[in-house]
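Summary of the model geometry
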Amino acid sequence: MTYSKRRFELRDRTRDGHEQLDAAVGVFDTLASYRRYVGLLGAFRSTMDGQVSGAAWPAGWAWRPTVVSAALAQDADDLGLAATRPMKAGMDLGEPSALLGALYVLEGSTLGARVLRQRAAALGMRDDFGARHLALMSNDIAQWQSFLLLLDEARDFDIERAAASANEVFDLALRCFESDRVVCQ
């Protein structure tokens, strides 16, 4: 795996938010807890996928993030869940460091998706039913490696701005997962 100094700086500056989110997501070990996870993640990811796709991409950035909201919508449908709508989020991702901070959280989630995919499989979820988003997120480690290259090669990188943005994304996800509702604010 590629060593990325900026990745580890961001990890250190977002550790609390990451740990709180991991605890809030918890371990899904029943179909009911998995359904809750899919519904809440669907609301969060449809919001963030929209935020990222609406951001102005700096010239020269050919890399694009893993978009999972459509796969999550299909998984929700498989599980009999109502479609989720994006939450209200007014994040400012117009500056490259802010965008990189948000992407760090979203792309970083692909690393944990491998473990979650195994848990979902134990509940009978498959890559073509109920766990499409996990298959999509965990299929290509090269995507994460490519993101790390982009992160490390970005010019005029501001670690403070990137960390603030990453923490804002963690806070949004945490608000969502700490609620008992699929529609989070």
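Calculation rules
- Residues numbered from 1 in each chain as written.
- Predicted model: local features only at pLDDT ≥ 70, side-chain atom pairs only at ≥ 80, totals over all residues.
- Heavy atoms only, no water.
- Helix = DSSP H or I, 4+ residues; strand = E, 2+ residues; numbered from the N terminus.
- Rg over C-alpha atoms; globule rule 2.2 N^0.38 Å.
- Buried < 20%, exposed > 50% of the residue type's maximum accessible area, 1.4 Å probe, protein only.
- 1 Å grid on protein atoms, 1.4 Å probe; cavity = no way out; pocket = protein on both sides within 12 Å on 5 of 7 lines; lining within 4 Å.
- Points joined across faces, edges and corners; volume = space filled by probe spheres on them.
- Nonpolar A, V, L, I, M, F, W, Y, C, P; charged D, E, K, R; others polar.
- Expected span 1.5 Å × (residues − 1).
- Contact = heavy atoms within 4.5 Å.
- Polar contact = N/O pair within 3.5 Å; in protein donor to acceptor, adjacent residues only side chain to side chain.
- Core = buried A, V, L, I, M, F, W, Y, C linked by side-chain atoms within 4.5 Å.
- Axes fitted to C-alpha atoms, helices over the stretch in contact; angles between N-to-C directions.
- Parallel < 35°, antiparallel > 145°, perpendicular 65-115°, else oblique.
- Left-handed = near helix turned anticlockwise from the far one by under 90°.

A closer look at the overall build of the chain
Within the chain one finds 7 helices and 0 strands. Along its sequence from the N terminus, the chain presents helices and strands in the succession α-α-α-α-α-α-α. In terms of overall dimensions, the chain is globule-like: its C-alpha atoms have a radius of gyration of 16 Å, near the 16 Å expected for 185 residues. Based on the C-alpha atoms only, the size of the chain along its principal axes is roughly 45 × 35 × 30 Å. Taken across its 185 residues, the chain has 47% of its residues classed as buried.

Examining the layout of surface pockets
Approximately 630 Å³ is the volume found for the largest pocket. Along the wall of the largest pocket there are 28 residues; nearest its centre are H18, D22, G108, S109 and G112. Contributing elements (two or more residues each) for the lining of the largest pocket: α1 (5–25), α2 (31–53), α4 (96–122) and α7 (159–178). In terms of residue class, the lining of the largest pocket is made up of 18 nonpolar, 5 polar and 5 charged.

Here's the deal with α7
Spanning 20 residues, α7 covers 28 Å between terminal C-alpha atoms, matching the ideal 28 Å at 1.5 Å per step. Among all positions in α7, only I159, A162, A163, S165, A166, V169, F170, L172, A173, L174, C176 and F177 are buried. Buried residues along α7 sit against α1, α2 and α4. The backbone nitrogen of E160 has a side-chain oxygen 3.0 Å away, supplied by the residue at the start of α7, namely D158.

Considerations on the nonpolar core
Core analysis: the largest hydrophobic core is formed by 58 residues, its most contacted members being Y34, Y37, F44 and F147. At the level of secondary structure, the elements contributing two or more residues to this core comprise α1, α2, α3 (69–78), α4, α5 (132–138), α6 (141–153) and α7. The contacts of F44, once residues within four sequence positions are left out, are M87, L106, V169, L172, A173 and C176.

Structural notes on the packing of α2 against α4
Packing of α2 against α4 leaves a shortest axis separation of 12 Å and a crossing angle of 155 degrees. By the criterion of interaxial angle, the relationship of α2 to α4 is roughly antiparallel. With respect to the hand of their crossing, α2 and α4 are arranged in left-handed fashion. Of the residues in α4, those in contact with Y34, Y37, F44, R45, M48 and V52 of α2 are L99, A102, L103, L106, S109, L116 and A120. Of the residues belonging to the contact of α2 with α4, the class tally is 11 nonpolar, 1 polar and 1 charged.

Remarks on the environment of S69
Along the chain, the position of S69 falls in helix α3. Distance from S69 to A43, taken between C-alpha atoms, is 8.4 Å for residues 26 residues apart in sequence. Discounting residues that sit within four places of it in the chain, S69 has contacts with R45, S46 and D49.

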